[in-house]
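Report on the structure
Here is how the chains run, residue by residue.
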Amino acid sequence: MSIKISLIHKKYNNQKALNDVSFSASKGEIIGFLGPNGAGKSTMMKILTGFIKPNSGTVLIEDIDVLQNPLEAQKEIGYLPEHNPLYTDMYVREYLQFQASIFKVDKAQIEACIEKVGLTNEAHKKIHQLSKGYQQRVGLAAAILHNPTVLILDEPTTGLDPNQLVEIRTLIKELGKEKTVLFSTHIMQEVEAVADKVIILNKGNIVFKTDMNQLKATNKSLEMLFREVTS
């Protein structure tokens with residue numbers, strides 16, 4: 001398993017954020033991670049990346065214990081947070097070169113990532129000159145620079161127009177062919193179009209998880225199911 005989460009429990013003072021959450025994902029799977037605001041999605045993603053620690057439980061990325069060996073695990077993870085942290089005064093290629101220096105990635109990999117995410121014609125521009133959709137592409141390029149096996153994307157399509165949304169959706173599907181992708185979103189159509197599996201969190205608990213093919217067999221829309229298990 002590329003991702004294996006077991007009995008993750010997280011509290012902030014007296015507030016329970018995650019309650020014994022367990023799930024797994026294999027290489028080549030795209031997982032839609034859903035839930036209302038405050039359900040615990042971002043907390044789970046931060047724990048997966050080693051940014052924060054749970055109170056209890058285990059997190060394995062490619063069989064590496066994130067809690068015991070966070071730096072080794074992070075080499076296998078590409079992360080795009082909800083608020084894409086870009087240095088907007090830098091040129092696209094300059095920014096990616098800076099990011100690559102952190103992971104000691106060679107220049108050939110930078111150019112390969114620029115091409116893969118469709119930034120070839122924009123790489124000479126400053127990031128603040130780009131549309132939101134292209135800025136998301138820069139964030140995705142930075143996330144895959146070191147060729148991670150796992151991609152964690154927190155609200156990757158927030159604020160995109162319909163055309164940009166389709167472009168990023170296509171890119172995520174392409175990346176999911178060779179990596180494990182876990183992405184959160186509030187857009188049900190996004191999950192239906194892209195994901196192989198869906199996990200729904202509510203109040204820190206997993207209230208539903210299934211294969212998308214099984215969901216389609218029920219003749220229920222994901223939106224209908226989401227409302228049933230979270231309302």
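Residues numbered from 1 in each chain as written. Predicted model: local features only at pLDDT ≥ 70, side-chain atom pairs only at ≥ 80, totals over all residues. Heavy atoms only, no water.

1. Quick notes on the sheet that holds strand β5 (residues 64–65)
The line we're drawing: Two strands qualify as a pair provided that DSSP identifies no fewer than 2 bridges between them. Helix and strand definitions here come from DSSP, where helices need a minimum of 4 consecutive H or I residues and strands a minimum of 2 consecutive E residues; each element is numbered from the N-terminal end. By definition, residues are in contact when any of their heavy atoms lie within 4.5 Å. All axes are obtained by fitting lines to C-alpha atoms, using only the stretch in contact for helices, and the reported angles, taken between N-to-C directions, cover 0 to 180 degrees.
Taken in spatial order, the four strands line up as β2-β1-β4-β5 in an open sheet, and their pairing is antiparallel. The outermost strands of the open sheet, each flanked by one partner alone, are β2 (15–25) and β5. As defined by bridge partners, strand β1 (residues 3–12) adjoins β2 across seven bridges and the pair is classed as antiparallel. Among the inter-strand pairings, Lys-10 is bridged to a residue of β2, identified as Leu-18. Strands β1, β2 and β4 (56–61) of the sheet are contacted by helix α1 (residues 41–48), whose axis makes an angle of about 120° with β1.

2. Things to note about a nonpolar patch on the surface
What counts is decided by this rule: Candidates for patches are residues over 30% relative accessible area with no salt bridge; among them, like charges are joined within 9 Å and nonpolar side chains (Val, Leu, Ile, Met, Phe, Trp, Tyr) within 5 Å. The Shrake-Rupley method, run with a 1.4 Å probe, gives the accessible areas here. Residue values count only the displayed protein chains as cover. We define a salt bridge as a contact between a side-chain nitrogen of Lys or Arg and a carboxyl oxygen of Asp or Glu at a distance within 4 Å.
Together, Tyr-87, Phe-98, Ile-102 and Phe-103 line one region of the surface with nonpolar side chains, adding up to about 400 Å² of accessible area. With respect to the helices and strands, Tyr-87 occurs in the loop between β6 (77–80) and α3 (92–103).

3. Thoughts on the layout of surface pockets
For clarity, the cut-off: Of the grid points, spaced at 1 Å and generated over the protein atoms alone, those admitting a 1.4 Å probe that cannot get out make up cavities, while open sets with protein on both sides within 12 Å along at least five of seven lines make up pockets; any residue with an atom within 4 Å of a point is treated as lining. Grid points are joined across faces, edges and corners, and a volume is the space filled by probe spheres set on the points. Gly falls in the polar group here, along with every residue not listed as nonpolar (Ala, Val, Leu, Ile, Met, Phe, Trp, Tyr, Cys, Pro) or charged (Asp, Glu, Lys, Arg).
The calculated volume of the largest pocket comes to roughly 630 Å³. Around the largest pocket sit 24 residues that line it, and Ile-77, Tyr-79, Pro-81, Gln-99 and Phe-103 are the ones nearest its centre. Mapped onto the lining of the largest pocket, the elements with two or more residues apiece are α2 (70–74), β6, α3 and α5 (132–144). In the lining of the largest pocket, the residues fall into 14 nonpolar, eight polar and two charged. Considering only enclosed or pocket space, the second largest pocket measures out at about 240 Å³ in volume. Forming the walls of the second largest pocket are 17 residues, and the residues nearest its centre are Asn-37, Gly-38, Ala-39, Gly-40 and Lys-41. Secondary-structure elements contributing two or more residues to the lining of the second largest pocket are β2 and α1.

4. Some thoughts on the sheet that holds strand β9 (residues 197–202)
Judged by pairing direction, the sheet is mixed, and its six strands sit side by side in the order β6-β7-β8-β3-β9-β10 without closing on themselves. Lying at the two open borders of the sheet, with one neighbouring strand each, are β6 and β10 (205–211). Along the sheet, successive strands turn relative to each other by an average axial angle of 15°, direction set aside. In this sheet, β10 lies alongside β9 in antiparallel orientation, the contact comprising six bridges. Residue pairing for β10: Leu-201 is matched across the bridge by Ile-206.

5. Some thoughts on helix α9 (residues 222–230)
Worth spelling out the cut-off: Categorising residues by exposure relies on relative accessible area from a 1.4 Å probe, with only protein chains included: less than 20% of the type maximum marks a residue as buried, more than 50% marks it as exposed, and the intermediate range marks it as partly exposed. Directions are taken from the helix axis to each C-beta atom, and the arc is the one they span.
By the burial criterion, the buried members of α9 are Leu-222, Leu-225, Phe-226 and Thr-230. In an axial view of α9, the angular spread of the buried residues amounts to 110°, which keeps them on one side of the axis. Considering only its buried residues, α9 is in contact with β3 (30–34), α7 (188–194), β9, β10 and α8 (212–217).

6. Comments concerning the pattern of salt bridges
Applying the stated criterion across every chain yields a total of nine salt bridges. Residue Glu-178 pairs with Lys-116 through a salt bridge whose shortest N-O separation is 3.0 Å. Within this pair, whereas Glu-178 is found in the loop between α6 (162–175) and β8 (180–184), its partner Lys-116 is found in helix α4 (residues 107–116), the two being separated by 62 residues in sequence. Close ionic contact of Glu-122 with Lys-125 constitutes a salt bridge, the shortest N to O distance being 2.8 Å. Judged by relative accessible area, Glu-122 falls into the buried class, the value being 13%. For Lys-125, a relative accessible area of 28% gives the class partly exposed.

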